[in-house]
Amino acid sequence: MILRWGRLSDRIGRKPVILYGLTGMLISSVCFGVSKSYIALVISRALNGALSGNIGVMKSAICEVTDETSMAEGFALLPVVWSAGGTIGPLLGGFLSQPHDKFPSIFAGQFWHDYPYFLPCACAASICLFTIIILGVYLEESLPSLKKNKEKRFEYKQHVRLDSFSQTDEPLLHSSETDDPDPPIESLPPRQYTIREILTPRVTVAVANYATLSLLDIARAALIPLFYATPIEAGGLGFQPSTIGILLGAYGLLNGIMQAIFSARAQRRFGTKTVYVFALLSYIGNFSMLPLMNMLARAKGVESNHLLWAILFIQLVLSVTGDAGFGCVFMFITSAAEKSQLGATNGIAQSVGSLMRTIGPASATSLFALTMENNLLGGQLVYAVFIAMTAASLAVAIPLPSRVIRTI
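Residues numbered from 1 in each chain as written. Predicted model: local features only at pLDDT ≥ 70, side-chain atom pairs only at ≥ 80, totals over all residues. Heavy atoms only, no water.

1. Notes on the overall build of the protein
Next up, step 1: The helix and strand tally for the protein stands at 16 helices and 0 strands.
Next up, step 2: The buried share among the 408 residues of the protein stands at 41%.
Next up, step 3: Taking the contacts inside the protein whose residues are at least 6 apart along the sequence as the reference set, 78% of them involve residues at least 24 apart.
Next up, step 4: Element-wise, carbon and sulfur atoms account for 67% of the exposed surface of the protein, whose accessible area totals about 21,500 Å². (Helix = DSSP H or I, 4+ residues; strand = E, 2+ residues; numbered from the N terminus. Buried < 20%, exposed > 50% of the residue type's maximum accessible area, 1.4 Å probe, protein only. Contact = heavy atoms within 4.5 Å. Areas by Shrake-Rupley, 256 points an atom, 1.4 Å probe, with all protein chains shown as cover.)

2. Observations regarding the packing of helix 13 (residues 272–300) against helix 14 (residues 306–336)
Next up, step 1: Helix 14 packs onto helix 13 with a crossing angle of 155 degrees between their chain directions and a minimal axis gap of 7 Å. On the basis of the axis angle, helix 13 is roughly antiparallel to helix 14. Our pair here, helix 13 against helix 14, has a crossing hand that is left-handed. (Axes fitted to C-alpha atoms, helices over the stretch in contact; angles between N-to-C directions. Parallel < 35°, antiparallel > 145°, perpendicular 65-115°, else oblique. Left-handed = near helix turned anticlockwise from the far one by under 90°.)

3. Overview of unusual backbone geometry
Next up, step 1: Unlike most non-glycine residues, Gln98 shows phi in positive territory, near 50 degrees.
Next up, step 2: Tracing the backbone through its elements, the reader meets Gln98 in the loop between helix 5 (71–96) and helix 6 (99–102).
Next up, step 3: For Leu377, which is not a glycine, the phi torsion comes out positive at approximately 55 degrees.
Next up, step 4: Position of Leu377 relative to the elements: it lies in the loop between helix 15 (342–374) and helix 16 (381–397).

4. A few points about the packing of aromatic side chains
Next up, step 1: The final tally for this structure, using the stated rule, is 18 aromatic pairs.
Next up, step 2: Ring geometry for Trp5 against Tyr20: centres 6.3 Å apart, planes inclined by 50 degrees, an arrangement best described as tilted. On the criterion of sequence distance, the pair formed by Trp5 in helix 1 (residues 2–12) and Tyr20 in helix 2 (residues 14–33) is long-range, its members being 15 residues apart.
Next up, step 3: Since its relative accessible area comes to 13%, Trp5 is described here as buried.
Next up, step 4: Judged by relative accessible area, which is 43%, Tyr20 ranks as partly exposed.
Next up, step 5: An aromatic cluster is built from Phe95, Phe103, Phe107, Phe111, Trp112, Tyr115 and Phe118, whose rings are joined through pairwise contacts. (Phe/Tyr/Trp six-rings, centres within 6.5 Å; stacked < 30°, edge-to-face > 60°.)

5. Quick notes on the pattern of salt bridges
Next up, step 1: Tallied over the entire structure, the rule returns 5 salt bridges.
Next up, step 2: The shortest N-O distance in the salt bridge between Asp10 and Arg14 comes to 2.9 Å.
Next up, step 3: Owing to a relative accessible area of 8%, Asp10 belongs among the buried residues under this scheme.
Next up, step 4: For Arg14, a relative accessible area of 1% translates into the label buried.
Next up, step 5: Across the pair Arg268 and Glu73 runs a salt bridge whose closest N-O atoms are separated by 2.0 Å. Highlighted residues: Arg268 in helix 12 (residues 241–270) and Glu73 in helix 5, separated in sequence by 195 residues.
Next up, step 6: Classification of Glu73 by relative accessible area gives partly exposed; the value is 29%.
Next up, step 7: Among the charged side chains, a salt-bridge network with shared partners connects Asp10, Arg14 and Glu64. (Salt bridge = Lys/Arg side-chain N within 4 Å of Asp/Glu carboxyl O.)

6. Overview of the side chain of Thr334
Next up, step 1: Tracing the sequence through the fold places Thr334 in helix 14.
Next up, step 2: Classification of Thr334 by relative accessible area gives buried; the value is 0%.
Next up, step 3: Engagement of the side chain of Thr334 in a polar contact is seen with the backbone oxygen of Met331, the distance being 3.3 Å. (Polar contact = N/O pair within 3.5 Å; in protein donor to acceptor, adjacent residues only side chain to side chain.)

7. Structural notes on a nonpolar patch on the surface
Next up, step 1: Among the surface-exposed residues, Leu129, Phe130, Ile133, Ile134, Val137 and Tyr138 lie close enough to one another that they form a single nonpolar patch of about 650 Å² accessible area.
Next up, step 2: Turning to its location among the elements, Val137 is positioned in helix 8 (residues 118–138).
Next up, step 3: Taking relative accessible area as the criterion, Val137 reaches 56% and is therefore assigned exposed. (Patch = residues over 30% accessible without salt bridge, like charges linked within 9 Å, V, L, I, M, F, W, Y side chains within 5 Å.)

8. Observations regarding the nonpolar core
Next up, step 1: Core analysis: the biggest nonpolar cluster contains 60 residues, and Phe75, Phe227, Tyr228, Leu237, Phe239, Tyr276 and Phe386 have the highest contact counts within it.
Next up, step 2: Listing elements by their share of this core, those giving two or more residues are helix 4 (54–65), helix 5, helix 11 (201–229), helix 12, helix 13, helix 14, helix 15 and helix 16.
Next up, step 3: For this core, the leading source of residues is helix 14, giving 14 residues.
Next up, step 4: Among all residues touching Tyr228, those that are not within four sequence positions of it are Leu237, Gly238, Phe239, Ile244, Leu247, Leu312, Gln315 and Leu316.
Next up, step 5: The next biggest cluster of nonpolar side chains, apart from the first, holds 7 residues, and it includes Trp5, Val17, Leu22 and Val57. (Core = buried A, V, L, I, M, F, W, Y, C linked by side-chain atoms within 4.5 Å.)

9. A word on the environment of Ser29
Next up, step 1: Looking at the secondary structure, you find Ser29 in helix 2.
Next up, step 2: Sequence spacing of Ser29 and Cys123 is 94 residues, and the spatial spacing of their C-alpha atoms is 8.9 Å.
Next up, step 3: Excluding residues within four positions of it along the chain, Ser29 makes contact with Cys121, Ala124 and Ala125.

10. What to know about the environment of Ile359
Next up, step 1: Here Ile359 is to be found in helix 15.
Next up, step 2: The spacing of Ile359 and Leu215 is 144 residues in sequence and 7.7 Å in space, taken between C-alpha atoms.

11. Side note on the confidence of the model for the protein
Next up, step 1: Scored by pLDDT, the protein comes out at a mean of 85, with 88% of its residues at no less than 70.
Next up, step 2: Looking over the protein, one finds the lowest element-wise mean pLDDT in helix 9 (residues 144–166), namely 55, and the highest in helix 16, namely 96.
Next up, step 3: Across residues 168–180, confidence stays below pLDDT 50; counting only partners more than four residues off in sequence or on other chains, it has 4 contacts. (pLDDT = per-residue confidence, 0-100.)

12. Examining helix 14
Two residues of an α-helix separated by three or four positions point the same way, owing to the 3.6 residues in each turn.
Next up, step 1: Along its 31 residues, helix 14 runs 47 Å from first to last C-alpha, staying within 8% of the 45 Å computed at 1.5 Å per residue.
Next up, step 2: Burial of helix 14 is extensive: 23 of the 31 residues sit out of reach of the surface. (Expected span 1.5 Å × (residues − 1).)

Shown next as structure tokens:
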């Protein structure tokens with residue numbers, strides 16, 4: 001569905017597709033809040049996926065409203081807002097769920113008892129509604145062909161208005177027979193491009209890098225909490241849930257700050273490809289530090305082990321560094337796309353990334369459990385596998401262009 005929405009945005013514009021997606025998210029949130037069965041929950045989530053293709057479309061819009069001097073800043077904001085949403089969203093959901101127990105004086109009705117998760121869903125739906133109103137009023141269409149048509153219509157109307165005032169010997173009011181015809185406008189793309197036509201060598205390389213980065217990132221995101229929670233003797237750190245929550249919250253906050261301040265500056269200073277390769281290298285350090293921390297925890301415990309906490313902080317910084325790769329790979333994808341295929345290209349990339357994010361968590365956690373239960377490679381197999389995958393990702397990055405050149 002993401003690809004279909006991306007293709008549609010190439011024809012009717014980015015703004016309507018983004019508004020459709022937000023409307024679908026609003027409907028899905030309300031349906032989720034009033035669901036009473038597992039099937040209803042699945043259907044409401046599937047509805048959200050079917051009606052929303054916003055992530056790929058928004059990347060296309062960012063590309064179109066920025067230029068070579070501001071594109072890095074634009075794409076660097078994506079991890080920032082993702083981190084903000086990923087941090088604030090769960091807090092709101094946990095705080096507002098089951099309000100009849102937490103705030104009985106306010107939410108005492110039977111409705112809140114029957115639907116304990118409607119309040120956070122209604123909050124999410126309200127945010128969607130507010131965003132729809134703001135974007136409907138202030139967001140300008142960014143699709144170049146539609147913008148060009150709008151400019152032509154405006155220039156034509158200005159020309160007709162000036163002509164009507166300059167020709168004083170003719171009446172200002174015309175009959176329907178002599179009304180000025182509508183200005184010619186460019187037609188919609190004559191056909192939909194096939195996936196084979198869209199996947200040029202440059203696009204294929206960029207999408208392949210997005211796939212490998214997405215797989216590494218979601219594997220790291222799945223492994224880290226599991227590693228934190230696993231008992232020390234079983235290969236983890238044995239942290240309490242509250243400690244894990246604090247660490248993940250600190251990561252989200254640090255990620256948002258670092259991406260906003262340093263990501264675009266690093267790309268301007270060192271180049272987009274250099275930053276991307278460095279982001280990939282950070283995954284090698286990230287996966288390597290997990291068994292090292294377990295070894296330190298086995299030797300000296302956790303509470304007063306200052307070296308372990310120092311390495312843990314470095315591991316969080318490396319996680320943030322790895323996320324800087326997303327802004328880079330988004331730039332590679334959009335710069336490789338043809339002008340008339342930008343939405344479809346981002347749709348393909350997002351579909352591939354979503355597939356990797358489906359495969360990654362199950363494969364990473366299953367391999368972790370298998371490794372620890374059977375002591376495979378001395379309990380290090382899971383880390384060796386993902387370090388090898390990172391090395392393979394570095395090989396996939398070799399054909400990337402040394403600098404991003406805008407073709408749109």
